[in-house]
Amino acid sequence: MTLVAGIDSSTQSCKVVIRDAESGRLVRSGSAPHPDGTEVDPEHWWRALNRAVEAAGGLDDVEAASVGGQQHGMVALDGKGDVVRPALLWNDTRSAQASADLVLEVGGGDAVEGARRWAEAVGTVPVAAITVTKLRWLADHEPELAHVVEAVALPHDWLTWRLSGAASVETLVTDRSDASGTGYFSAGAGEYRRDLLALALRRQESDVSSVLLPRVLGPNEPAGHGDPSAGRAGLLLGPGCGDNAGAALGLGLRPGQTSVSLGTSGVVAVVSPTTTSDESGLVAGFADATGRFLPLACTLNGARVLDAAARVLGVTHEELSELALAAGPGAGGLVHVPYLEGERTPNLPTATGSMWGMTLTSMTRENVARAAVEGLLCLMADGMEAVRRQGVSVERVTLVGGGARSRAVRELAPAILGVPVDVPAPGEYVADGAARQAAWVLSGSVEPPAWHPGGVATYECEPTPAVLERYREAAQSVAESLSR
């Protein structure tokens, strides 16, 4: 039996799965936590990866490995490959002003025109999550560090590089999916936009010609081999991928199929044969891990909305579901707008969560629980609507992530989202996608191996459009209050 490894270095932890390369059968797995915070020394990721590998029984009998990782995190390096400062993660919103500045500058002072030009250039309008805005924040707030940046990587790039032995920054590689989330790579054209990199770093374009950006590999192109000094010379490395592309590959999504992932963030992603260009900024025109595209809407708030509600009510997640399902649709008029960490879709980085419709009658434990679940699902429904406005059809969705373990989420999702919902058995789909990529690279085949998630349950029920309508009224009021 030939074994491959898939690694998911997410915001909260590192997971490793070891699978049979032919069938995809899980052989063993391991995990290790990451520290909290929105900026992290990448060395923590490397240590967690090694602990997770050890917990999974090591890589001595593994033929190939790939890394899937949280997108957008800025890993700034000097010429020797040393990390210049702790990495700023996707959910660090300090670069919100930088994103607004970049849009205005490209638009010649006109934000609408700037958004149009950014969408046309790279498929994505910068928001605080995107790497290019973090580089501008670095240039504005830590110019002495920005001055010494000679290479920029993303979390999965950096970890693949470390697995290879990190000989020099010239050996850094990435893939289309993760590069497309930087804000300075065009997935449609397949090339970096150094003019936008220069704008972010406040340098002349000629001054960034020497800044090393990882070489972009094809979806099944080998990235080299493991570090010989660590005894991994025989380990073939895949190009890796961003976490959203990894999940789509792990789920086996085909063109036209949609996933809704409820993890630390919430993500609506559709595998598409063509790219998108959304000047509203709600939909990012990313690439997938197969050579296609992955237009997606991503929220800052995901399953932790449920964590917060359970904490406030002093219950377990199972009890939160019981409370939510004991309340009626609409939670007695209670509406939760769950912008607990600011928000990216819509782009409201300074927003906070709100509860609307509080009365002596509506303020019950059951209604509070129901409002939290409905608010999270309404947030994802708006993400789906943003994708539809790009001409992408969404007829049914595959629901995954930690939030999908909630019975209330599973049962209420089709009512709020308005489409049938397929829920595969719980799994580490980003790590699975990375493992599937590793098997693909190892085989040298044109297409990835035919792995399929098992145990899919389908949920259907009548839509409840009135719930979504009331949520949108409350969310609009939040947005208007922030614009005053």
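The structure we're discussing is the one just above.
Residues numbered from 1 in each chain as written. Predicted model: local features only at pLDDT ≥ 70, side-chain atom pairs only at ≥ 80, totals over all residues. Heavy atoms only, no water.

**Observations concerning the nonpolar core**
Among the nonpolar cores identified, the biggest contains 56 residues, and Tyr 339, Leu 399, Leu 417 and Tyr 471 are the most heavily contacted of them. For this core, the element with the highest residue contribution is helix 12 (residues 365-388), accounting for 14 residues. Core analysis: the next-biggest nonpolar cluster, separate from the first, contains 50 residues, Val 127, Val 132, Leu 249 and Leu 294 among them. (Core = buried A, V, L, I, M, F, W, Y, C linked by side-chain atoms within 4.5 Å. Buried < 20%, exposed > 50% of the residue type's maximum accessible area, 1.4 Å probe, protein only. Helix = DSSP H or I, 4+ residues; strand = E, 2+ residues; numbered from the N terminus.)

**With respect to the environment of Gly 123**
Mapped onto the elements, Gly 123 comes out in the loop between helix 3 (111-122) and helix 4 (131-141). In sequence terms Gly 123 and Ser 261 are 138 residues apart; their C-alpha atoms lie 21 Å from each other. Among all residues touching Gly 123, those that are not within four sequence positions of it are Trp 118, Thr 276, Asp 278, Val 283, Ala 284 and Gly 285. (Contact = heavy atoms within 4.5 Å.)

**Things to note about the layout of surface pockets**
If you add up the space inside the second largest pocket, you get close to 740 Å³. Around the second largest pocket sit 29 residues that line it, and Ser 280, Leu 282, Pro 346, Asn 347 and Leu 348 are the ones nearest its centre. Among the secondary structure elements, those contributing two or more residues to the lining of the second largest pocket are helix 2 (96-106), helix 3, helix 12 and helix 15 (465-483). When the residues that make up the lining of the second largest pocket are grouped by side-chain class, the tally is 18 nonpolar, six polar and five charged. (1 Å grid on protein atoms, 1.4 Å probe; cavity = no way out; pocket = protein on both sides within 12 Å on 5 of 7 lines; lining within 4 Å. Points joined across faces, edges and corners; volume = space filled by probe spheres on them. Nonpolar A, V, L, I, M, F, W, Y, C, P; charged D, E, K, R; others polar.)

**Details of the side chain of Ser 186**
Among the secondary structure elements, Ser 186 is positioned in strand 10 (residues 185-186). Polar contacts involving the side chain of Ser 186 include one to the main-chain amide nitrogen of Ala 189, which spans 3.0 Å. Apart from the residues lying within four places of it in its own chain, the contact partners of Ser 186 are Ala 121, Val 122 and Glu 191. (Polar contact = N/O pair within 3.5 Å; in protein donor to acceptor, adjacent residues only side chain to side chain.)

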